[in-house]
Amino acid sequence: MKKLSLVFLALGILPSLWAQQHEEAAQDTSWKKLYRESAPRINDLVHTKLDVKFDYSKSQMNGKAWITLAPHFYPTDSVTLDAKGMDIHKVAIVKGASSQPLKFDYDQWQLDIKLDKTYKGGEKYIVYIEYTAKPDEVKVQGSAAITDAKGLYFINPLGEEKDKPTQIWTQGETEATSVWCPTIDKPDQKTTNEFAMTVPAKYVTLSNGKLALQKNNSDGTRTDTWKMDQPHAPYLFFMGVGDYAIIKDSYKGKEVNYYVEKQYAPVAKKIFGNTPEMMGFFSKALGVEYPWVKYSQIVGRDYVSGAMENTTATLHQESAQQDARELLDGNGWESTIAHELFHQWFGDLVTCESWSNLTLNESFANYSETLWDEYKYGKDAGDAQNFGDMQGYLGSQSDKKDLVRFYYNDKEAMFDAVSYNKGGRILHMLRSYVGDSAFFKALNLYLTTNKYKSAEAHQLRLAFEEVTGKDLNWFWNQWYFGAGHPKLSIDYAYDDNAKKVKVTITQTQTSDKTFTLPIAIDIYNGAEKVRHEVWVKNREESFTFNYTARPDLVNVDAQKTLLTEKKDNKTLENFIHQYKYAGQYLDRREAIEFASKSQDNPKALALMALALKDKYHGLRSFAISKLDLKNETVRKAVEPALAEIAQRDPKTTVRANALGALALYNDGTYKSLFTKSVNDSSYTVAGTALESLFKLDSAAAVAEAKRLTKYEAKNKLMEAITVILVKSGDENSFDVIAKAFKNMPISQAKFNLLQPFCDFLTIVKDTKKVKEGVDLVVDFRDELAPYGAVPFVNNMLQTVINKKNAAFTAEADKAKAKEQTDYINSKIKGDDKKSF
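Before going into details, it helps to say that this report is about the structure given with it. (Residues numbered from 1 in each chain as written. Predicted model: local features only at pLDDT ≥ 70, side-chain atom pairs only at ≥ 80, totals over all residues. Heavy atoms only, no water.)

### Points about the side chain of E590
Within the fold, E590 resides in helix 13 (residues 585-595). Residue E590 is classed as buried on the basis of its relative accessible area, which comes to 17%. (Helix = DSSP H or I, 4+ residues; strand = E, 2+ residues; numbered from the N terminus. Buried < 20%, exposed > 50% of the residue type's maximum accessible area, 1.4 Å probe, protein only.)

### Re the side chain of S283
Following the sequence through the fold, S283 ends up in helix 3 (residues 275-286). Engagement of the side chain of S283 in a polar contact is seen with the backbone oxygen of M279, the distance being 2.7 Å. Only 3.0 Å separates the side chain of S283 from the backbone nitrogen of Y290, close enough to count as a polar contact. Every residue in contact with S283, bar those within four places of it in the chain, is listed here: Y251, V288, E289, Y290 and W345. (Polar contact = N/O pair within 3.5 Å; in protein donor to acceptor, adjacent residues only side chain to side chain. Contact = heavy atoms within 4.5 Å.)

### Here's the deal with the pattern of salt bridges
Scanning all chains against the criterion turns up 53 salt bridges. Here D680 ties to R655 by a salt bridge, and the two come within 3.1 Å at their closest N and O atoms. In this pair, D680 is assigned in the loop between helix 18 (671-677) and helix 19 (683-696) and R655 in helix 17 (residues 652-663), connecting sequence segments 25 residues apart. The burial state of D680 is the same as that of R655; both residues are buried. Residues participating in the shared-partner salt-bridge network are D323, E326, E712 and K714. (Salt bridge = Lys/Arg side-chain N within 4 Å of Asp/Glu carboxyl O.)

### Remarks on empty space enclosed by the protein
Here the structure, examined in full by the defined rule, presents one cavity of 30 Å³ or more. Lining the largest cavity are K379, D383, N386, H428, Q559, K560, Q584, Y585 and L586. Those elements that provide at least two residues to the lining of the largest cavity are helix 7 (379-394) and helix 13. (1 Å grid on protein atoms, 1.4 Å probe; cavity = no way out; pocket = protein on both sides within 12 Å on 5 of 7 lines; lining within 4 Å. Points joined across faces, edges and corners; volume = space filled by probe spheres on them.)

### Digging into the sheet that holds strand 27 (residues 540-546)
Here four strands make up an open sheet; going across it, the order is 27-24-23-29 and the pairing mixed. The open sheet has two free edges, formed respectively by strand 27 and strand 29 (565-568), since each of these has just one partner strand. Mean inter-strand twist for the sheet, computed between neighbouring axes without regard to direction, equals 20°. Note that strand 23 (residues 487-495) and strand 29 share four bridges and pair parallel. Across the sheet, residue I490 finds its bridge partner in strand 29, namely D568. (Pairing = 2+ DSSP bridges. Axes fitted to C-alpha atoms, helices over the stretch in contact; angles between N-to-C directions.)

### Looking at the layout of surface pockets
Of the volumes computed, that of the second largest pocket is approximately 1200 Å³. Lining of the second largest pocket is provided by 41 residues; of these, E161, K164, D302, D779 and E783 occupy positions nearest its centre. At seven residues, helix 24 (residues 767-784) tops the list of elements feeding residues into the lining of the second largest pocket. Split by residue class, the lining of the second largest pocket holds 17 nonpolar, five polar and 19 charged. (Nonpolar A, V, L, I, M, F, W, Y, C, P; charged D, E, K, R; others polar.)

Spelled out as structure tokens, the structure:
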């Protein structure tokens, strides 16, 4: 599962923090003594057969289930199934063509069934259950990645929302499949399945495995039967229903399909079209061919997370659907597509035995994003992805959590920046330590040994030890079963008389833990380098190296793979050499960062200018963002380069950043460039150009903003239009802006638009429109609730109240203001008002 990629770091609100807050806020700390063992396997699932019909009027599902089980080892005369919030109509044991009723107890959470006899270990039996699933009546707390957990979702079932399609989709992880399917809802269970879904004939369906049969019924419905002949965990069961276009693709003769809303059919392959290449890349790297019979991807409205790796049928949230203009700035969903696909091996083929071992699923999926970017777009792109994920972990304040942890308040707390970001970086370090060949051979051994089974972290260690011949307990104990990360201070002492350089590495983390770190140190004279492999095992370690000529650079962590925070006490000259000759993404980024702090220095400024031409677009943008354009010397030195970049850089996002930088010059010469760029095909370029134009000629920008409301606008462009119309004081564009805000999925772009939209509400006088706008903000606030964003959004609403109270001075206006502010106050929830 891929988390929502909302960047709340600046607000102190990060998705991964939810789980931490969830644990720390709990008054009952008894969980700290509760060991979370793997679920005991008394009975094993063997096969799950469903026949279901959906009641759209009630958002319920009527089901019949035939569940084949067998005692795991010991004889048993009973079975307990998870079945959350259902009405249970019948329970029976199936004997050939007949059935016999069984006694059962049901507490709305678990179904305890007394079997007809005692069954021996491995002896199969079939339980039949008739039931009604009522997902809207079930209250299950979601995780940091899943913002709701009722298992079965009816989207606009009565068609009352005219701009939203009617859909049904399911979400099983962690243990919500049992809301709509009686099962043993644990990750250490594996079962084949066969699902027959009866739906209105106008809709298409998707489920695990292959579509085996379609039958048209006389009542205008159709029954689709999907068969999955390979075993997988119940949380990976999936059903999807809706009015989709199915775009067909293939990989080595296997079906690869993309289910999208029909208006996105023309761009579906631009969004998902790299999937077959990804399947080939991952299959080759792992030495394990894509293991399932097909691979489909479907987009669901109002999906409660980022995406979910249901076996053979991945579900994506609607942010995946991007139009052609959005895709010009890059496919913002490509990493998620890779993430979910890699889960088909790590999580689906081999599944974590318990949620304590979630790293075996999510750390691999997270790391696949780095692997794919490295393969497809080059090492800089892979390193940039890796660095970004590392910063996500470092900013999450999760350094007290083990990667594999057996004590937590709730299983949902495992879905955090440790299981995802940190775990991915640990795999990156492991790959660096053992080498590519051993790394991927060990993954092959792990997958082939444990396929169609569940596993725990030690089994991954054993695979690596088998391949490398090394005892890796030290690595697993430190990184998998330990918490935190090293903080390093690196110092250099040169002795030209003795022709020696001493490198001192000090671990400065506040915890008592001392890390063992294999580190590569490269020593440069010009372009020539000599590598030294060293081990840091103490809080302070010194290493001395001889030289004939004083080195231009001593580069510690030369491979730039360590998960660490570091203070690297190099000189500017060292960093300049590092940028030019060490050459990796982080080498260059570190040099740009250092030089940016001393741009009065001609050498530092020269490096910044050089970085504007960096081969990697991400570093060109980074260099632009670090320019000190308040410094007149810097302004003059880089202006020609910025003008050139703004017009000719091949990457739209870099052009946009350059346009934004040029706006700071307040030079009318650039008005024509800004005006022209407002019409750029890229939303990012157009939006930045509009903002830039506003700084030069506000009237012209307002006119452009009003003109652009007549056309499709998203992301940066819609944000710019909204901000400018707010500043213009024109409320006539409310309907266009409100519609755009409403139709945006949960995304970074929508979050960015939240503040300007609230600002816009302060100038709207029409009470009906104010209430409509506030309702949209409140709906979004509630969607963000699992991420701790409620107080933040309520503060925005309180600001709207304050500004309206200040703006309305006439008695007649005061009455209107009171009605509006009273309405907003009614929407600010309980204790959150205390934060104002």
